[in-house]
Number of protein chains: 4
Amino acid sequence: MSAPIRGVVPPVTVPLLDDRSLDLVSYQRQIDRLIDAGVDGLFILGSTGEVAFSTVERRREIIAASVDAIAGRVPCLVGVVDTQTDRVIEHIKTAEEFDIAGVVATAPFYALGGIPQIEQHFRLLRAATELPIYAYDIPVCVHTKLPVDLLISLALDGVLQGVKDSSGDDVAFRYLSLANRRAGKPLSLLTGHEVCVDAAYMAGADGCVPGLGNVDPDAYVRQWRAYQEGDWETVRTEQDRLAELMRVAMVARSATGFGAGVGGFKTALACMGIFATNQMPEPVSRLQGEDVQRVEDILAELGMV
Amino acid sequence: MSAPIRGVVPPVTVPLLDDRSLDLVSYQRQIDRLIDAGVDGLFILGSTGEVAFSTVERRREIIAASVDAIAGRVPCLVGVVDTQTDRVIEHIKTAEEFDIAGVVATAPFYALGGIPQIEQHFRLLRAATELPIYAYDIPVCVHTKLPVDLLISLALDGVLQGVKDSSGDDVAFRYLSLANRRAGKPLSLLTGHEVCVDAAYMAGADGCVPGLGNVDPDAYVRQWRAYQEGDWETVRTEQDRLAELMRVAMVARSATGFGAGVGGFKTALACMGIFATNQMPEPVSRLQGEDVQRVEDILAELGMV
Amino acid sequence: MSAPIRGVVPPVTVPLLDDRSLDLVSYQRQIDRLIDAGVDGLFILGSTGEVAFSTVERRREIIAASVDAIAGRVPCLVGVVDTQTDRVIEHIKTAEEFDIAGVVATAPFYALGGIPQIEQHFRLLRAATELPIYAYDIPVCVHTKLPVDLLISLALDGVLQGVKDSSGDDVAFRYLSLANRRAGKPLSLLTGHEVCVDAAYMAGADGCVPGLGNVDPDAYVRQWRAYQEGDWETVRTEQDRLAELMRVAMVARSATGFGAGVGGFKTALACMGIFATNQMPEPVSRLQGEDVQRVEDILAELGMV
Amino acid sequence: MSAPIRGVVPPVTVPLLDDRSLDLVSYQRQIDRLIDAGVDGLFILGSTGEVAFSTVERRREIIAASVDAIAGRVPCLVGVVDTQTDRVIEHIKTAEEFDIAGVVATAPFYALGGIPQIEQHFRLLRAATELPIYAYDIPVCVHTKLPVDLLISLALDGVLQGVKDSSGDDVAFRYLSLANRRAGKPLSLLTGHEVCVDAAYMAGADGCVPGLGNVDPDAYVRQWRAYQEGDWETVRTEQDRLAELMRVAMVARSATGFGAGVGGFKTALACMGIFATNQMPEPVSRLQGEDVQRVEDILAELGMV
């Protein structure tokens with residue numbers, strides 16, 4: 001299998017035209033910008049990347065456009081999020097048609113299960129593909145937390161090559177990191193935090209997958225490089241500034257959840273002239289009026305526009 | 001649109017062969033049995049009907065097999081459960097190829113939203129089809145409760161024709177029923193309870209969609225008819241017995257959630273000679289050993305085997 | 001021990017003067033009114049009865065005032081709610097100074113525990129008193145659901161004499177009722193529902209403890225008597241009307257939780273001339289302005305003022 | 001008011017004799033040990049300090065014993081945790097009888113409220129005392145998260161002098177720290193983490209209140225001093241070791257929650273010869289047999305015994 005991915009790996013936000021078709025021009029612009037900033041990889045079809053909104057056909061379209069735009073410059077991870085095993089394997093099969101570096105899969109959701117089903121799920125995914133598999137730990141969407149012991153045991157069996165931790169459970173992440181080290185580092189541990197990436201580096205993270213990296217990839221790259229050099233004051237100072245910038249994903253008053261968060265990122269990118277629109281997938285409305293102004297004010301305050 | 005469905009509408013459990021392909025022979029036997037018992041409709045591809053485990057292709061296969069087996073004898077509702085609007089519409093388009101009586105859709109899930117997105121979601125589904133739409137209120141899977149006011153407003157606008165209430169929130173159901181009555185009964189209100197169907201009838205339910213109806217459809221039909229005749233003591237006595245029978249979905253020690261519940265129904269049907277196996281979809285294991293014995297003991301105790 | 005309490009047992013709301021001292025005149029008026037309506041008992045210092053807001057001294061004051069006002073006409077249950085065992089026993093010792101019919105205790109809360117601690121807690125309460133003990137199952141406040149098996153086992157050991165079920169979990173209540181019947185009915189099962197009391201009667205409840213019974217005790221007494229006579233249509237019709245009346249506890253826009261619920265009851269009682277004020281304990285504000293008007297409108301609509 | 005407390009402030013665990021009376025000899029030994037290790041203050045009657053298990057009289061006894069044992073060497077914070085305002089004020093009045101440095105109060109709990117009640121609660125506490133007040137943010141016990149905006153606004157009004165953050169919500173803590181800095185640092189921010197104290201320091205915490213500090217106060221003092229000197233590698237290395245040591249609070253198989261956590265601390269202190277017993281308050285059992293062995297193994301592995 002290919003080498004584990006370390007460093008800054010933004011989950012790429014999808015630019016849409018007003019009719020909600022893919023805006024390939026903006027997409028190329030954004031991907032060039034991310035790569036030029038020095039990111040170490042890109043994660044497409046994550047929660048930020050509209051995976052839950054995308055049909056089988058739309059997913060194929062996004063993978064194709066991404067691989068085309070990236071053109072082999074950095075490794076590409078592909079989200080294969082779906083409710084249960086057979087559906088996830090179907091997405092893996094689509095992903096395998098392209099030149100990608102790995103797939104990222106959550107625990108099963110919707111139907112209620114338990115740890116044995118989660119274990120069996122990941123083992124079946126491993127049996128279905130030779131691609132590296134990253135476990136996507138995102139209980140806010142999936143409503144199960146992946147246990148440290150399970151992740152380590154699946155890693156030692158070669159089932160998992162990495163974890164994208166969006167659990168917000170920093171205590172569990174610490175124990176995952178300690179256990180991973182004790183096991184010989186079979187897993188690449190990527191934090192999904194935007195606001196506490198410094199804490200994840202303290203805990204031993206191998207990289208980050210920040211949605212906010214769409215807006216300011218340079219800062220996350222600077223932070224990562226400072227971490228590599230042991231310059232913790234820079235790690236921390238960059239983080240404080242990024243926390244202020246993250247308010248673009250929190251200021252909307254007309255929206256909550258994905259609409260406020262990814263809606264805030266898209267609005268920032270539109271304000272910055274990188275995306276042509278801040279259009280959102282159905283049934284989510286784009287931010288408008290004062291919500292857009294709030295995002296723009298934060299960008300101005302931090303010198304981003 | 002076709003007349004609203006009232007009465008007993010079991011969510012049909014899917015029989016699988018050992019290799020997890022559909023067992024069409026068992027399926028025909030079970031559907032004949034349900035219809036012969038006097039059910040008023042059938043609900044396929046519900047949570048019980050493995051909707052979350054089924055790929056687009058498998059869903060088509062189940063709809064085709066069901067419509068074929070039912071042969072127009074009772075109306076058929078089809079679950080079109082998926083994470084977000086475009087994916088649900090895709091399932092509706094598949095369902096429209098067949099002769100069915102309506103579709104059943106949940107609120108969006110996985111990505112976090114709010115009430116405005118849920119409203120927009122159902123309005124977009126209505127714009128996409130002429131089929132009756134039943135809202136599927138199942139917060140244990142979807143993690144949002146559909147508010148009474150929203151349901152009534154969507155009903156008055158012709159967006160919704162019914163609600164399948166699996167919320168377990170009997171207070172909210174009461175208020176939904178009162179509001180529906182006040183609005184002129186635009187909605188057919190079907191409870192997803194197995195154990196408190198009598199309570200739902202007290203509250204004014206128009207019918208039930210009990211997974212346990214797969215095991216004992218006759219009892220739910222007797223209960224419904226007693227309710228129609230105002231014979232509350234029978235309604236209640238049948239319910240007490242059905243509550244005892246429902247323990248088939250609770251006794252497994254090796255499984256939880258779907259594996260215990262639907263696994264218990266399938267195991268009961270296998271014990272009763274109706275299903276050839278109690279096989280489950282991946283990544284769920286079928287019940288085995290003592291868990292099967294526990295199910296069988298309950299069936300024996302209640303004279304079902 | 002005294003006979004188990006069956007029938008309508010309202011949790012008595014506490015009238016306060018503007019300075020938040022007890023309003024003994026209103027209290028006597030309300031208690032007389034409840035007893036005249038035909039209630040079968042009274043429950044003081046419940047969640048509705050401000051137990052969580054009352055110091056040790058205030059609790060004693062409320063018990064003394066209640067026992068004095070009731071004057072032995074109906075049995076009186078006393079809530080002894082507190083975080084852990086020793087504090088609860090202290091409240092039991094206070095209660096024992098008065099002529100009461102039993103105490104009502106929740107599971108321990110605040111500190112996290114498990115089922116063994118809950119069991120030990122109730123066994124220690126039993127060792128500390130000869131009074132009948134009712135388990136108060138109120139997970140919305142205590143954040144633990146009392147399991148059916150534990151309740152039955154404590155009943156068979158003589159630890160518990162009843163359950164006040166405010167869990168809202170009607171499926172669990174059904175199973176509790178069936179298990180209690182199978183065990184020879186050691187427990188008196190009182191539902192804390194206001195809106196689904198009919199459902200609880202269907203399930204076999206021995207009575208109800210409805211906060212709304214403060215506002216309309218007559219209706220709950222009529223409903224109970226109809227249930228005793230098997231007149232289910234009256235049970236149901238009374239319930240529908242009481243559900244509409246219960247909106248007094250839901251219409252406040254300036255308050256939530258206790259402030260809206262008990263605040264609504266007190267406001268209704270003030271509108272009806274029974275309480276002198278609708279004052280609330282600190283840190284809760286009384287309903288004012290339009291919120292009061294909303295309560296009054298509901299009362300007017302239902303002929304209560 | 002006295003100066004805000006910064007640095008390491010362990011929440012002191014209470015040693016009990018077998019009959020559950022206070023073990024004053026062990027208590028003096030432990031308090032001397034903590035102060036000798038260089039802690040900056042002590043927090044008594046926290047969640048770890050059995051506040052929820054202690055009657056009014058027991059609380060007084062613990063405060064008296066603590067103040068006596070500390071003898072003015074370090075400042076002493078006193079937990080005044082209770083369900084609602086009047087009860088908390090009663091505890092504040094008891095605390096005021098002693099020479100202490102401040103009180104620590106949670107949001108109201110048990111009865112459901114909202115943000116306005118929480119604000120009113122803290123304002124009433126301020127009106128009742130001249131002591132510094134620390135807000136205790138512990139949603140796992142209280143089931144409400146204190147919002148950043150409220151905390152800052154109460155700080156600017158002189159209501160609050162500090163926050164003890166046991167929320168585990170490191171994103172919110174970051175924003176609290178940034179907002180506090182922007183407001184001129186009116187609050188002393190103490191993290192309740194044991195395992196991610198380094199992350200809290202990265203975020204700008206003014207100190208820590210780690211239950212595990214009972215077991216190894218020296219390590220937390222070393223970590224704090226390294227932080228003061230900007231030696232982040234030591235901060236991190238000490239944290240990794242403390243995370244391993246924290247397993248004493250997680251290894252019990254016969255207990256969960258408080259019983260496992262504080263039970264683990266007490267067992268460790270008993271193994272280390274500092275506490276005479278590992279006795280727990282009713283209704284919690286002390287750890288026994290293999291659970292004790294598991295704790296001892298961790299201590300041995302880390303050179304603590």
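Residues numbered from 1 in each chain as written. Chains lettered and ligands numbered in written order. Predicted model: local features only at pLDDT ≥ 70, side-chain atom pairs only at ≥ 80, totals over all residues. Heavy atoms only, no water.

Colleague: Could you clarify how one ought to interpret unusual backbone geometry in this entry?
Modeller: Where the residue is not glycine, phi is negative for most of them; where a peptide bond is considered, it is trans in most cases. For the bond running from A:Glu282 to A:Pro283, omega is 5°, close enough to zero to count as cis. Along the chain, the position of A:Pro283 falls in the loop between helix H11 (257-271) and helix H12 (290-301). With phi around 75°, C:Tyr110 is a residue other than glycine that occupies positive phi space. Note on placement: C:Tyr110 falls in the loop between strand S4 (102-106) and helix H4 (115-128). A positive phi angle is found at D:Arg20, which is not glycine, with a value near 70°. Looking at where D:Arg20 falls in the secondary structure, it is placed in the loop between strand S1 (7-8) and helix H1 (24-37). (Helix = DSSP H or I, 4+ residues; strand = E, 2+ residues; numbered from the N terminus.)

Colleague: So what exactly am I meant to see when it comes to the packing of helix H1 (residues 24-37) of chain C against helix H2 (residues 56-70) of chain C here?
Modeller: Residue and element names in this part refer to chain C. Two elements in contact, H1 and H2, have axes separated by 9 Å at closest approach and are oriented at 50°. As summarised for this structure, H1 and H2 are arranged oblique, according to the angle between their axes. Crossing of H1 against H2: the hand is right-handed. Packed against H1, whose contacting residues are Leu24, Tyr27, Gln28, Ile31, Asp32 and Ile35, the element H2 presents Ile62, Ala65, Ser66, Ala69 and Ile70 at the interface. By residue class, the composition of the contact of H1 with H2 is eight nonpolar, two polar and one charged. (Axes fitted to C-alpha atoms, helices over the stretch in contact; angles between N-to-C directions. Parallel < 35°, antiparallel > 145°, perpendicular 65-115°, else oblique. Left-handed = near helix turned anticlockwise from the far one by under 90°. Contact = heavy atoms within 4.5 Å. Nonpolar A, V, L, I, M, F, W, Y, C, P; charged D, E, K, R; others polar.)

Colleague: What exactly am I supposed to notice about the relation of the copies chain D and chain C here?
Modeller: For the match of chain D to chain C, the screw axis carries a shift of 0.0 Å, the RMSD comes to 0.0 Å, and the turn is 180°. In short, the pair behaves as if placed about a two-fold rotation axis. (Least-squares fit on C-alpha atoms with pLDDT ≥ 70 in both.)

Colleague: Any chance you could explain the interface of chain D and chain C here in plain terms?
Modeller: Where interface size is given, it is often the accessible area lost as the parts come together that is meant. Chain D puts 42 residues into the contact, and the matching count from chain C is 42 residues. Taking both partners together, chain D and chain C bury about 3400 Å²; carbon and sulfur atoms supply 61% of that area. Among the residues chain D hides against chain C, the three largest losses belong to D:Arg87, D:Tyr110 and D:Pro283. Together they make up 25% of the total. In this structure, the connection of chain D to chain C is made through two salt bridges. Note that D:Arg87 is salt-bridged to C:Asp82, the shortest N-O span being 2.4 Å. (Buried area = accessible area lost by both parts, 1.4 Å probe. Salt bridge = Lys/Arg side-chain N within 4 Å of Asp/Glu carboxyl O.)

Colleague: So what exactly am I meant to see when it comes to helix H6 (residues 148-156) of chain D here?
Modeller: Quick reminder: α-helices carry 3.6 residues per turn. Residues three or four places apart thus point the same way. Residue and element names in this part refer to chain D. Within the sequence span of H6, burial applies to Val148, Leu150, Leu151, Ile152, Leu154 and Ala155. Buried residues belonging to H6 abut helix H4 (115-128), strand S5 (133-137), strand S6 (162-165) and helix H7 (170-182). Of the residues flanking the end of H6, it is glycine 158, one or two places downstream, whose phi is positive at about 75°. (Buried < 20%, exposed > 50% of the residue type's maximum accessible area, 1.4 Å probe, protein only.)

Colleague: Help me out: how do you make sense of the relation of the copies chain B and chain A in this one?
Modeller: These two copies of the chain differ by a rotation about an axis and a displacement along the same axis. Under the fitted operation, chain B is carried onto chain A by 0.0 Å of movement along the axis and a turn of 180°, and the coordinates agree to an RMSD of 0.0 Å. Both copies contact each other with a shared surface, as 100% of the interface residues of chain B are interface residues in chain A too.

Colleague: What is the right way to look at the UniProt feature "binding site: pyruvate" (unreviewed entry) in chain A in this model?
Modeller: All names here are of chain A. This chain's UniProt record puts "binding site: pyruvate" (unreviewed entry) on Thr48 and Val209. Spanning 162 residues, the named residues form one tight spatial group whose C-alpha atoms are at most 10.3 Å apart. Residue placement: threonine 48 occurs in the loop between strand S2 (42-44) and helix H2 (56-70). The buried category is assigned to threonine 48, whose relative accessible area is 13%. Leave out the neighbours within four places in its chain, and threonine 48 touches Pro11, Val12, Thr13, Gly211, Asn214, Phe258, Val262 and Phe265. Along the chain, valine 209 falls in the loop between strand S8 (207-208) and helix H9 (217-228). Residue classification places valine 209 among the buried positions, given a relative accessible area of 3%. (UniProt positions renumbered as here; feature names shortened; annotations may be inferred.)

Colleague: Please clarify how the packing of helix H6 (residues 148-156) of chain A against helix H7 (residues 170-182) of chain A should be interpreted in this entry.
Modeller: Two quantities define a packed helix pair, namely the angle between the helix axes and the distance between the axes. Residue and element names in this part refer to chain A. It is at 10 Å that the axes of H6 and H7 come closest, and there the two elements cross at 30°. The angle between the axes of H6 and H7 places the two elements in the roughly parallel class. When the axes of H6 and H7 are compared, the crossing they make is right-handed. Counted together, Val148, Leu151 and Ile152 of H6 and Ala172, Tyr175, Leu176, Ala179 and Asn180 of H7 form the full contact between these two elements. Residues that form the contact of H6 with H7 fall into these classes: seven nonpolar, one polar and no charged.

Colleague: Looking at this structure, I do not really get the interface of chain B and chain A. What am I missing?
Modeller: The interface of chain B with chain A comprises 42 residues on the first partner and 42 residues on the second. Summed over both partners, the interface of chain B with chain A comes to about 3300 Å²; 60% of that surface belongs to carbon and sulfur atoms. Counting every contact that joins chain B to chain A gives two salt bridges. Those elements giving two or more residues to the side of chain B that touches chain A turn out to be helix H2 (56-70), helix H3 (85-96), helix H4 (115-128), helix H5 (139-142) and helix H11 (257-271) of chain B. The element that contributes the greatest number of residues to the side of chain B that touches chain A is H3(B), accounting for five residues. When its residues are assigned to classes, the side of chain B that touches chain A shows 19 nonpolar, 17 polar and six charged.

Colleague: In this structure, what is going on with the sheet that holds strand S6 (residues 162-165) of chain A? I would like to understand it.
Modeller: Adjacent strands of a sheet form backbone hydrogen bonds with each other and so pair up, either parallel or antiparallel. Residues and elements named next belong to chain A. Read from one edge of the open sheet, eight strands run S1-S8-S7-S6-S5-S4-S3-S2, paired in parallel fashion. Of all strands in the sheet, those bounded by a partner on one side alone are strand S1 (7-8) and S2. Examined bridge by bridge, strand S5 (residues 133-137) and S6 share four bridges and lie parallel to one another. Opposite aspartate 137, over in S6, you have aspartate 165 as the bridge partner. Together, strand S4 (102-106) and S5 form the strand contacts of helix H4 (residues 115-128), whose direction differs from that of S4 by roughly 160°. (Pairing = 2+ DSSP bridges.)

Colleague: Would you mind going over the pattern of salt bridges with me for this structure?
Modeller: It is possible for side chains of opposite charge to pair when their charged atoms get near one another. As enumerated under the stated definition, the model contains 104 salt bridges over all chains in all. C:Asp240 is the partner of B:Arg174 in a salt bridge, and the nearest nitrogen-oxygen pair spans 2.8 Å. Of this pair, B:Arg174 sits in helix H7 (residues 170-182) while C:Asp240 sits in helix H10 (residues 232-245), placing the two residues on different chains. Classification of B:Arg174 as buried rests on a relative accessible area of 1%. Its relative accessible area of 12% is what places C:Asp240 among the buried residues. Ionic pairing is found between D:Arg294 and D:Asp291, a salt bridge with its closest N-O pair at 2.7 Å. With D:Arg294 and D:Asp291 both in helix H12 (residues 290-301) and three residues apart, this pair spans about one turn of that helix. Through salt bridges with shared partners, a single ionic network connects A:Asp82, A:Arg87, B:Asp82 and B:Arg87.

Colleague: How should I be thinking about the UniProt feature "active site" (unreviewed entry) in chain A in this particular structure?
Modeller: UniProt records the feature "active site" (unreviewed entry) for A:Tyr136 and A:Lys164 in the present numbering. The named residues occupy 29 residues along the chain; their greatest pairwise C-alpha distance, 4.8 Å, places them in one compact cluster. Note that A:Tyr136 resides in strand S5. For A:Tyr136, the residues in contact, after removing those within four places along its chain, are A:Phe43, A:Gly46, A:Ser47, A:Val81, A:Val104, A:Ala105, A:Thr106, A:Ala107, A:Leu146, A:Lys164, A:Ser166 and B:Tyr110. Note on placement: A:Lys164 falls in strand S6. Apart from residues no more than four positions distant in its own chain, A:Lys164 is found in contact with A:Phe43, A:Val104, A:Ala135, A:Tyr136, A:Asp137, A:Leu190, A:Gly192 and A:Val209.

Colleague: For this particular structure, what's the right way to read the packing of aromatic side chains?
Modeller: Two descriptors summarise a pair of aromatic rings, namely the distance from one centre to the other and the angle between the planes of the rings. Applying the stated rule across the entire model yields 30 aromatic pairs over all chains. Ring centres 5.4 Å apart and planes at 50° place the aromatic pair D:Tyr227 and D:Trp232 in the tilted group. On the basis of relative accessible area, D:Tyr227 is assigned to the buried category, the value being 12%. The exposure class assigned to D:Trp232 is buried, which follows from its relative accessible area of 3%. The rings of A:Phe109, A:Tyr110, B:Phe109 and B:Tyr110 are connected pair by pair, giving a single aromatic cluster. (Phe/Tyr/Trp six-rings, centres within 6.5 Å; stacked < 30°, edge-to-face > 60°.)

Colleague: I keep staring at the sheet that holds S6(D) and nothing clicks. Help me out?
Modeller: Residue and element names in this part refer to chain D. Strands sit in the order S1-S8-S7-S6-S5-S4-S3-S2 across an open sheet of eight strands; the sheet is parallel. The outermost strands of the open sheet, each flanked by one partner alone, are S1 and strand S2 (42-44). Strand direction decides the pairing type here: strand S4 (residues 102-106) and S5, joined by four bridges, are parallel. When the bridges of S5 are listed, threonine 106 appears paired with tyrosine 136. Lying on the sheet, helix H2 (residues 56-70) is in contact with S2 and strand S3 (76-79); it crosses S2 at an angle near 160°. The strands touched by H7 within the sheet are S6 and strand S7 (188-191), with S7 carrying the most contacts at an inclination of about 160°.

Colleague: Can you help me understand the environment of B:Ala155 in this one?
Modeller: Residue and element names in this part refer to chain B. Mapped onto the fold, alanine 155 is located in helix H6 (residues 148-156). In this structure, the C-alpha to C-alpha distance between alanine 155 and tyrosine 134, residues 21 residues apart in sequence, is 9.9 Å. Beyond its immediate chain neighbours, meaning those up to four positions away, alanine 155 contacts Leu160, Pro186 and Leu187.

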